Amino acid sequence: MTLPIHSNWEKPLRTEFESSYFKQLLFFLKSEYETYRCYPTQSEVFNAFEQCPYENVKVVLLGQDPYHGPRQAHGLAFSVPDGVKHPPSLVNIFKEIVQDLGTPYPVSGNLEHWARQGILLLNASLTVREGEAGSHQKKGWETFIDSVIQTLSENKENLVFLLWGGFARQKVKLINTDKHLILITGHPSPLSANRGYWFGNKHFSQTNDYLISTGQQAIQW
């Protein structure tokens, strides 16, 4: 199984692509996609990297699994294609943007316009079996995503890392806090948000303030 990825990610991640664990991961995915319905489609597995080339990355946002229901996952964390009902976590993300920035609630849940502005919308696992959350965990994706985070931290400056929830918070140890801004809050899922761990975090305005202060363009959320 071969997976497409934007060409300018090939050099910084070459060691990963050539590693034995990554080859084993691809072998596992080949079997999974042949045997079960998995999400996203094979052509969209690396959509986050396709939509946000290495040289463009300004913000890294980390989710967990892709959505595991029909027509939802398309390779960008928290995003759904145009016309698809907004999942609860995305609803809460948009509500916080409205509160933080005073902008209208978005019609579409498609976050490709975020990615094209330099937001790398990563999930901790880039694939999942239909209806089975966590089914592709501990198969190699975690090692790969950790390497992506470390590579960006080491080779770039003035990035914003948005770490939402306990799982994402664990990635702090991979990031050079002297070179980058790390913003941490609860996960936007209703379970966390309804307990007071999401709303009012103002991560969207804080991200833009930092980008502007370091000579970068603000994000049009």
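Up top you'll find the structure we're talking about.
Parameters and conventions
Residues numbered from 1 in each chain as written. Predicted model: local features only at pLDDT ≥ 70, side-chain atom pairs only at ≥ 80, totals over all residues. Heavy atoms only, no water. Phe/Tyr/Trp six-rings, centres within 6.5 Å; stacked < 30°, edge-to-face > 60°. Buried < 20%, exposed > 50% of the residue type's maximum accessible area, 1.4 Å probe, protein only. Helix = DSSP H or I, 4+ residues; strand = E, 2+ residues; numbered from the N terminus. Pairing = 2+ DSSP bridges. Expected span 1.5 Å × (residues − 1). Contact = heavy atoms within 4.5 Å. Core = buried A, V, L, I, M, F, W, Y, C linked by side-chain atoms within 4.5 Å. Salt bridge = Lys/Arg side-chain N within 4 Å of Asp/Glu carboxyl O.

Looking at the packing of aromatic side chains
Then, in step 1: A full pass over the atoms with the stated rule returns 18 aromatic pairs.
Then, in step 2: Centre to centre, the rings of Y21 and F22 are 6.3 Å apart; their planes meet at 90°, and the pair counts as edge-to-face. Residue Y21 shares its accessibility class with F22, and that shared class is buried.
Then, in step 3: Relative to F204, the ring of W114 lies with its centre 6.4 Å away and its plane at 55°, an arrangement referred to as tilted.

Quick word on the pairing of strand β5 (residues 160-164)
A regular strand places its side chains so that they alternate between the two faces of the sheet.
Then, in step 1: Counting buried residues in β5 gives five out of five residues, a clear majority hidden from the surface.
Then, in step 2: Alternating residues of β5 divide into V160, L162 and W164 and F161 and L163, and every residue in both groups is buried.
Then, in step 3: With four bridges joining them, strand β2 (residues 59-63) and β5 adopt parallel strand pairing. Considered in β5, the bridge of V59 is made with V160.

Quick look at helix α6 (residues 141-155)
Then, in step 1: Its 15 residues place the ends of α6 21 Å apart at the C-alpha level, agreeing with the 21 Å of an ideal helix rising 1.5 Å per residue.
Then, in step 2: Next to the buried residues of α6 lie α1 (14-17), α2 (20-35), α3 (47-51), β2, β3 (119-123) and β5.

Describing the nonpolar core
Then, in step 1: Core analysis: the largest hydrophobic core is formed by 67 residues, its most contacted members being W9, F49, I93, W114, L120 and F144.
Then, in step 2: Among the elements that line this core, the one with the most residues is α2, at seven residues.
Then, in step 3: In contact with L120, other than residues within four places in its own chain, are W9, A48, F49, C52, V57, V59, V60, L61, V148 and L152.

Quick notes on the pattern of salt bridges
Side chains carrying opposite charge are able to pair once their charged atoms draw close together.
Then, in step 1: Evaluated as defined, the whole model comprises six salt bridges.
Then, in step 2: R129 is paired through a salt bridge with E132; the nearest N and O atoms lie 3.5 Å apart.
Then, in step 3: Taken together, the salt bridges that share partners define one network made up of E32, R129 and E132.

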